[in-house]
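# Per-entry structural report
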Amino acid sequence: MSEILKLNNVTKIFSLGGLLKKRRVIAVDNVSFSIPKGKPTTIALVGESGSGKTTVGRLVLGFIKPTSGKIFWENKDIYKMKRSEWKLYRRNVQAVFQDPYESLDPRYKVIDTLMEPLKKFKIANSRSESLKMISETIEAVGLRHEILDKYPHQISGGEKQRILLSRALLINAKLVVADEPVSMIDASLRASILNLMKDMNKNFGLSFLYITHDISTAYILADSIIVMYLGSIVESGSFEKVVSNPRHPYVKVIIDSIPLPDPKRRWKSAIKLREGEGGLTPKDMMKFRLRCKFCDRCAEAKEVCWEKTPPIIEIDKDHKVSCFLYA
Amino acid sequence: MINKNSHLKRLLVKAALIKNTLLVVKGNLYIFSGLCLLVCIILFAVLGMYIIPFDPVKIGSVPMDLPPSSKHLLGTDSLGRDLFAQLCFGTLTSLQIGFLAGIIGFLIALMVAFFGGYHGGKLDGILTILTEVFLTTPTLIILIIIAAVVERIEIPTMALIIAAFAWAWPAKTMRAQVLSLKEKGFIYLSRLSGLNSLEIIMKHMIPNILPFLGSYFAVVVSAAMISEVGLEVLGLGPRHTITLGIMLYWAMMHAAVTRNLIWWWLPPCIMLFLIFFSLFLFQRGLDVIANPRLRGE
Amino acid sequence: MSLEEPGLLKVEDLRVYYKTRSNPVRAVDGVSFSIKQGEILGIVGESGCGKSTLANAVLRLIEPPAYINGGQVFFKDLNLLNIDEEKLNKIRWKEISLIPQSAMNALNPVMKIYHQIKEVITDKKIKFSDKEIKEKSEEIMKRLMLPSYILNAYPCQLSGGMRQRALLLLSFILNPNLVIADEPTSAVDVVTQRKILEFLDMQRKDFGTSIILITHDIAIVAEVADRIMVMYAGKTLEMGDVTKIFENPLHPYTKTLMESIPILGVKREVIGLSGLPPDLRNPPTGCRFNPRCRYSRSTDICKLKEPELRYVENNHLVACHMYS
């Protein structure tokens, strides 16, 4: 089966510091995954801050170039595309960002913001056709027509996120990279946005790359999950399988630490985690590349974990782990 | 009872709206008064030129060292020229040079800030170093050297020389604005809408920092005028013409202060002050619009 | 209004408003609660409900344009709102400490952690020797799972989660009777969050410290709190024993909060609210939640009269006309 999006051994190294002292940070280390064609999927990309998940999002959106490795869209290397192919790629891969307040140009009304991509991608043939398309899409995301005439400061955060989602529908995108779309929105208002995304996935055929640190919200939408730690993928597969039966020690700790809203089922014992060499801040990681990134905090680490990069092991049809415990 | 409540509510809302508009007008009041003052100054000078028949530049066109009278409203200078005519003509010429230099400098700063700030990379690195160099060089000294070396200084040359040093500060400040604006979500989304860099800069960046740009422009013009006056007072201005600075130069040359010829040196000083003040008001008004915190919110 | 017997802290009808050009914003509008020694009270609410304002007001740490418009705060036998600043200062940090929101940025960036601890202690004119300070710190650090090297580190050298825990260390070093923690885990990862919550639980068990845990995340309240208080638009909507409220949420808002959390392993529809919280300069007459309440009907007492907080059963109060 072919894929619409494929990342092949993608690595991104940032060089920080001025002209003299350079410090290199491996934000993304040898990451590979793909989104299958034909069946619209939602992949949850989960990790803490510093895990590299946001960088993966920006790589997929083509905002930064990988240091090594390739990114394929519809089987074409995006950095070897012709101009027309690149334009199509830009149209098909859209985004929703974390901060709704900075996602809309405050100087333009909603309708102008939505007209812009329509005009640029030459999707509608006339202004009246554009207006019709916009009107239908706004309804589809559950907003009223009055909102088209408003300025961003006159509408709420939740409505702004819906407008961004409607944008993706409007131009017929195939993939939406959603980077923490609901983390700045109150809990009681999140449900409507998450349900909308689920609706767009099932009924409008859009795939989502849902980037978050909160696995619980991903649960509503995601079919599969990829867990990242300090730039590497530690476990991936079908959401149900990974979450109900996590294998990687880090993933086990994460899932166990999610607070359950049930006072009768509280955490029984303290978590088993060692304090590492600097918490989760990736320091000069080039030195520590040839070992499992989790080894300094893992309660079950063996000697080999400190010396080699763990292999990717297939536990099940759609369940992979990168850990020496299963080698 | 419900009617009374809603009536009260409407009044409250109206009051709030009026208060809100007053706040924006307060910003605009600065701009408005600044512009008004500047326009008045220009009108005054133009009218003056029209009414007064004397030549401000030609030496010996009238008797020397006359105190103010009904014929010569500000008297005459030691070279035989009517001072009121000089004031009017000089104001216009000073403004001409100042604005010309300001516009050139501002355009340079705009290009440096946007192309460097938006694209980043090596180009940005080089432009930043260039900006820093121009910022830290002692401007007046260099200007003096250049002005002393260049043989014939006419108005355009003078404007260019001044502009060469006026662009650095706004370039640096605008670049900072561009850098922070670049990271906003809607800029990234415009890239995903298929816009190229120029379109993004013109459609999304500039409109969002327009009040800042206006404010910086006023600052550049002020800075240009200060440099201009500085050079002219030292005698390094354009030859064979009259500006406010050159008036002061001649006044100093002929010891107008010691001789208590207050009608010679004071009017240009007042005029210069008024010009700077109007620019300040204009700039302050734009600041208030650009920065809501100054609005008192 | 009769509540629990006064224990450690008793807040009665506290009102904190913010001055504006028009009407004042009624951020906290008549909130009452109490907390005993050795109890964890979770105050739950979303943005704008007034919980942070409440936390700051208890220790009189609010600044203009906020002002206290009424109410009492009794700590042991003192009315904190009446005593003079000097006396209140003696109580702050020693007997009641407050961990503000985004506390990880509240550490002094140019002092090592150890020196900041020392400063806190000497400021209260307590004479501990260096050895004693180290011992006490290490004891708490062990509970927080902080490595020993942080004492000698500057805040910028530590990760966000470590800084948050370092601030907890500072707040607990003088073993106060009551700690008010305002969103102590909102900016940290889920593992650090668990460590912090487990630490709070341990302090309560071993030292009898009372903790007011303020959060928007109802799930963490379920993990550690004994009682919870649900706030909305400056008012208390429901309060009581945590198990009772989770098993049987009575107020429509509480019900919605419970239903809006996705739970791993439980396949269900997540429901939310529509609309926005009211403008507290002109709060709606009657019940403040009424405009968004799913049980609201057109001719209703809910629109006319504000419901009072009343006992429904032992250790369970609700402010809702459906239960009066």
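Residues numbered from 1 in each chain as written. Chains lettered and ligands numbered in written order. Predicted model: local features only at pLDDT ≥ 70, side-chain atom pairs only at ≥ 80, totals over all residues.

### As for the overall build of chain A
Here is the rule we go by: Strands are runs of DSSP state E lasting at least 2 residues, helices are runs of H or I lasting at least 4, and numbering of each runs from the N terminus. The globule rule used for comparison is 2.2 Å times the number of residues to the exponent 0.38, while the radius of gyration itself is calculated over C-alpha atoms. Comment: burial labels come from other C-beta atoms within 10 Å of the residue's own C-beta, placed from the backbone, where a count of 20 or more is buried, 12 or fewer is exposed, and between is partly exposed.
For chain A, the helix and strand inventory stands at nine helices and twelve strands. The C-alpha radius of gyration of chain A comes to 21 Å, within 12% of the 20 Å expected for a compact globule of 327 residues. Principal-axis analysis of the C-alpha atoms places the extent of chain A at approximately 70 × 55 × 45 Å. By residue count, 47% of the 327 residues in chain A fall in the buried class.

### Points about the interface of chain A and chain C
This is how the line gets drawn: We call two residues in contact whenever the C-beta atoms placed from their backbones are within 7 Å. Any residue outside Ala, Val, Leu, Ile, Met, Phe, Trp, Tyr, Cys, Pro, Asp, Glu, Lys and Arg is labelled polar, Gly included; the first ten of those are nonpolar and the last four are charged.
Contact with chain A, which involves 40 residues of that partner, is made by 36 residues of chain C. Those elements that place two or more of their residues in the side of chain A that touches chain C are helix 6 (187-204), helix 7 (215-221), helix 8 (239-244) and helix 9 (249-257) of chain A. If one sorts the elements of the side of chain A that touches chain C by residue count, helix 6 of chain A sits on top with eight residues. Of the residues assigned to the side of chain A that touches chain C, the class counts are 20 nonpolar, 13 polar and seven charged.

### Here we look at the nonpolar core
Quick note on the threshold: Here, a nonpolar core denotes buried Ala, Val, Leu, Ile, Met, Phe, Trp, Tyr and Cys residues that are linked to one another through C-beta atoms within 7 Å.
Leu-45, Val-176, Leu-209, Tyr-210 and Ile-225 of chain A are the most contacted members of the largest nonpolar core, which has 94 residues in total. Sequence-distant contacts of Ile-225 of chain A, defined by excluding residues within four places in its chain, comprise Ala-44, Val-46, Ala-218, Ser-236, Gly-237, Phe-239, Val-242 and Val-243 of chain A. In terms of nonpolar packing, the next biggest core, distinct from the first, is built from 90 residues, Leu-8, Phe-33, Leu-158 and Ala-225 of chain C among them.

### Comments concerning the sheet that holds strand 11 (residues 310-313) of chain C
All names here are of chain C. Selection criterion: Any two strands between which DSSP finds at least two bridges are classified as paired. Think of each axis as a best-fit line through the C-alpha atoms, taken over the contacting stretch in the case of a helix, with angles from 0 to 180 degrees between the N-to-C directions.
Strand order across the open sheet formed by eight strands is 6-7-8-3-9-10-12-11, with mixed pairing between neighbours. Single-partner strands in this sheet number two, and they are strand 6 (96-99) and strand 11. Ignoring strand direction, the axes of neighbouring strands in this sheet form an average angle of 20 degrees. Here strand 6 runs beside strand 7 (residues 178-182); their pairing, made up of four bridges, is parallel. Note that in strand 7 the partner of Ile-99 across the bridge is Ala-181. Sheet contacts for helix 1 (residues 51-58): strand 3 (40-44), strand 6, strand 7, strand 8 (210-215) and strand 9 (227-232); angle to strand 7, the most-contacted strand, approximately 150 degrees.

### Considering helix 5 (residues 160-172) of chain C
Residue and element names in this part refer to chain C. For the record, the criterion: Here a helix's expected span is defined as the number of its residues, less one, multiplied by 1.5 Å.
The end-to-end C-alpha separation of helix 5 is 19 Å, in line with the 18 Å expected for 13 residues at 1.5 Å each. Burial analysis of helix 5 places twelve of its 13 residues in the buried class, the great majority of the element. Those residues of helix 5 that sit buried are Gly-161, Met-162, Arg-163, Gln-164, Arg-165, Ala-166, Leu-167, Leu-168, Leu-169, Leu-170, Ser-171 and Phe-172. Turning to helix 5, the residues buried within the fold contact strand 6, helix 3 (113-123), helix 4 (130-144), strand 7 and helix 6 (190-207).

### A look at the confidence of the model for chain A
To be explicit about the condition: Known as pLDDT, the predictor's per-residue confidence is scaled from 0 to 100.
Here chain A averages 88 in pLDDT, and 94% of its residues register 70 or above. In this model, residues 278-282 of chain A is a region of pLDDT below 50 whose contacts with residues beyond four sequence positions or in other chains number 16 contacts.

### As for the sheet that holds strand 9 (residues 224-229) of chain A
Residue and element names in this part refer to chain A. Pairing within the open sheet is mixed, and its eight strands lie in the order 6-7-8-3-9-10-12-11. Strand pairing shows two members of the sheet lacking a second neighbour, strand 6 (93-96) and strand 11 (312-316), which therefore form its edges. Between one strand axis and the next, the sheet turns through 20 degrees on average, direction left out of account. Pairing of strand 7 (residues 175-179) with strand 8 (residues 207-212) involves five bridges; the strand directions are parallel. Along strand 8, the bridge assignment pairs Val-176 with Phe-208.

### Notes on helix 3 of chain C
Residue and element names in this part refer to chain C. Selection rule: The directions from the helix axis to the C-beta atoms are what the arc is built from.
Of the residues making up helix 3, those classed as buried are Ile-113, Ile-117 and Ile-121. Down the axis of helix 3, the buried set is contained in an arc of 75 degrees. They therefore lie on one face. Of the exposed residues in helix 3, the ones pointing more than 90 degrees away from its buried face are Thr-122 and Asp-123. Remark: Lys-125 follows helix 3 within two positions and exhibits a positive phi of approximately 60 degrees.

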